[in-house]
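Chain by chain, the residues run as shown.
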Amino acid sequence: MSASVQSPSVADFRARARAWLEEAEIPQLPAGYEGKAQILREWHRRLYKAGLVGITWPSEVGGLGLGVEHQLAFNEELARVRAPQPVGSIGLEVVGPTILKYGNDAQRERFVRPLLAGDEIWCQGFSEPNAGSDLASLRTAGVIDGDEMVVNGQKIWTSWATDADWCAVLVRTDRTEVAHRGISYVLVDMRSPGVSVKPIVMLNGDAEFNELFFDDVRVPLTNVLGPLHGGWKLAMDTLGWERAGYSMRRRIENEVVFRDLLDDCRAEAEEFSDAQAADLGRVYVQLKAFEALAARTAARLAAGEVPTPLDSVDKLWLTRTEQALTSVAFDLLGAARMAPRDAGGRQRVKRFLYGRAGSVYGGSSQIQRTLIAERLLGLPRGR
Ligand SMILES: Cc1cc2nc3c(=O)[nH]c(=O)nc-3n(C[C@H](O)[C@H](O)[C@H](O)COP(=O)(O)OP(=O)(O)OC[C@H]3O[C@@H](n4cnc5c(N)ncnc54)[C@H](O)[C@@H]3O)c2cc1C
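Residues numbered from 1 in each chain as written. Predicted model: local features only at pLDDT ≥ 70, side-chain atom pairs only at ≥ 80, totals over all residues. Heavy atoms only, no water.

Caption draft 1: Inspection of the side chain of Thr321 at higher detail. When you line up the elements, Thr321 lands in helix α8 (residues 311–338). Not counting residues within four places of it along the chain, the set of residues in contact with Thr321 comprises Gln286, Leu287 and Phe290. (Helix = DSSP H or I, 4+ residues; strand = E, 2+ residues; numbered from the N terminus. Contact = heavy atoms within 4.5 Å.)

Put into structure tokens, the structure is as follows:
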């Protein structure tokens, strides 16, 4: 995924992205979830046509074949004009890299281009009502029947499932095996008979995640990614990309939120009190540390060294920084500016609440700490 000899420099690529974004009509998102996916899908397609999606993906599968630093420059430009991400971020950042790495030629041919183009949106069906942190205890079952697998069971907290075209589902296919063995990574068409989705309203009022039910859903065995019964390693890779790549992008977005907060505070008061300055200073230092961490992660990504247990450090730092930033915003701007009376207030409240979710999605903070203790520090397992 490194840049080729004829690749544009990062500066040239950034200038091209900036020029395009300055001309583009940036979509305005609705207050709630409804209608959001359609607007973002259109936005994704426009970005793809402009050559701004799939930046680090190989050109053979429809990407630009550029470097991680080109992707970061684009993320900075997108955040600078407060433009949303493409709708397919689960596909682009989480599931897609797994398909690219473990898919056979036919699977890469079938799935990657529509994912990059925004024609097919992905969701991730891992968590179940009784299998979240303890993911290996998942019970959604897949039984082989000829050249198909029949899937039954339930997933939960599946983000974007109402609008997704495909889902990467973890299925128990060998019940004679225990824990993480006997699990397969299966690509399921969300329009298959027997798939149903029931939205769950989040604390911020959006029905962004869902319950997902599989009732005798027939999936061709050609949609098993990687080895049958051998999906656990792929699942861990998927989670690693979620922790590292996602954190790197969110760092940039949080930087912009911090700059906006400073502007808001300046507009409110001529000068900052010592306590306000101290709060802002602390968050600034956290953001600077995050910048250094993200630079290291970018280097790891460029060298193909993601996923590793270091991804847990990124995820923890993202959570801590985002929560500190949104809490300080709450304290400094006060209840009046955080009230959901206008678009700005609504966005601030949502950001504050979504910041709390960081301790949970992609593996809870407790789980990240355990991974760091066991896999980075070599401490004995606690269980
Ligand atoms: C906004 C959001 C979006 C999400 N999107 C998706 C998605 O698209 N697809 C998907 O599959 N999942 C998704 N999830 C689900 C997420 O991955 C799970 O919620 C998470 O893994 C925790 O699982 P759980 O909810 O079952 O909590 P539990 O595992 O029941 O954990 C409850 C609490 O116990 C703690 N705990 C559990 N086990 C241990 C342990 N061994 N040691 C220490 N503490 C422990 C946890 O840290 C947590 O505080 C999403 C969650 C959120 C909040």
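Still to come is the rest of the account.
Caption draft 2: Layout of the packing of helix α4 (residues 89–102) against helix α5 (residues 105–117). At their nearest, the axes of α4 and α5 sit 10 Å apart, and the two run at 160 degrees to each other. In this view, α4 runs roughly antiparallel relative to α5, as classed from their interaxial angle. In this structure, α4 crosses over α5, and the sense of that crossing is left-handed. In contact with Gly91, Leu92, Gly96, Ile99, Leu100 and Tyr102 of α4, α5 contributes Gln107, Arg108, Phe111, Val112, Leu115 and Leu116. Tallied by class, residues from the contact of α4 with α5 come to eight nonpolar, three polar and one charged. (Axes fitted to C-alpha atoms, helices over the stretch in contact; angles between N-to-C directions. Parallel < 35°, antiparallel > 145°, perpendicular 65-115°, else oblique. Left-handed = near helix turned anticlockwise from the far one by under 90°. Nonpolar A, V, L, I, M, F, W, Y, C, P; charged D, E, K, R; others polar.)

Caption draft 3: A nonpolar patch on the surface, seen in detail. A grouping of Leu376, Leu377 and Leu379 is seen on the molecular surface, where their side chains present a nonpolar patch of about 280 Å² in accessible area. Relative to the helices and strands, Leu379 is located in the segment after α10 (365–376). What makes Leu379 partly exposed here is its relative accessible area of 45%. (Patch = residues over 30% accessible without salt bridge, like charges linked within 9 Å, V, L, I, M, F, W, Y side chains within 5 Å. Areas by Shrake-Rupley, 256 points an atom, 1.4 Å probe, with all protein chains shown as cover. Salt bridge = Lys/Arg side-chain N within 4 Å of Asp/Glu carboxyl O. Buried < 20%, exposed > 50% of the residue type's maximum accessible area, 1.4 Å probe, protein only.)

Caption draft 4: Highlighting the pattern of salt bridges. Under the defined criterion, the tally for this structure stands at 33 salt bridges. Salt-bridge contacts for Glu77 lead to Arg18; the nearest nitrogen and oxygen are separated by 2.7 Å. On the criterion of sequence distance, the pair formed by Glu77 in helix α3 (residues 68–80) and Arg18 in helix α1 (residues 10–23) is long-range, its members being 59 residues apart. Across the pair Arg218 and Asp145 runs a salt bridge, and its minimum N-O distance is 2.4 Å. Here the residue Arg218 occupies a position in strand β7 (residues 209–220), and Asp145 occupies one in strand β2 (residues 141–145), the gap between them amounting to 73 residues. Overall, the relative accessible area of 41% leaves Arg218 in the partly exposed class.

Caption draft 5: Expanded view of the site of the ligand. Near the ligand there are 18 residues, and of these Gln124, Ser133, Trp157, Ser364 and Gln366 occur at the shortest range. Here an oxygen atom of the ligand sits 2.6 Å away from a polar atom, N or O, in the side chain of Ser133. With respect to the ligand, the side chain of Ser159 contributes an N or O atom lying 2.8 Å from a nitrogen atom. Protein burial of the ligand: of its 980 Å² of free accessible surface, 67% is covered by the chains. Across the shell around the ligand, the residue classes tally to eight nonpolar, nine polar and one charged. Two domains share the shell around the ligand, each providing at least three of its residues, namely domain 2 (122–229) and domain 3 (233–376). (Near = heavy atom within 4 Å. Polar contact = N/O pair within 3.5 Å; in protein donor to acceptor, adjacent residues only side chain to side chain. Domains from an automatic or database assignment.)

Caption draft 6: Broad picture of α5. For α5, with 13 residues, the first-to-last C-alpha span of 19 Å sits near the 18 Å given by 1.5 Å per residue. Taking the largest bend as the criterion, α5 deviates by roughly 25 degrees, centred on Phe111, and proline Pro114 comes between one and four positions later. Those residues of α5 that fall on the buried side of the exposure criterion are Gln107, Phe111, Val112, Pro114, Leu115, Leu116 and Ala117. If you follow the buried residues of α5, they end up packed against α2 (36–49), α4, β1 (122–125), β4 (166–172), β5 (183–189) and β8 (224–225). Note on α5: the residue one or two positions beyond its end, Gly118, has a positive phi of about 85 degrees. (Expected span 1.5 Å × (residues − 1). Bend = angle between axes of the 7 residues up to and from the residue.)

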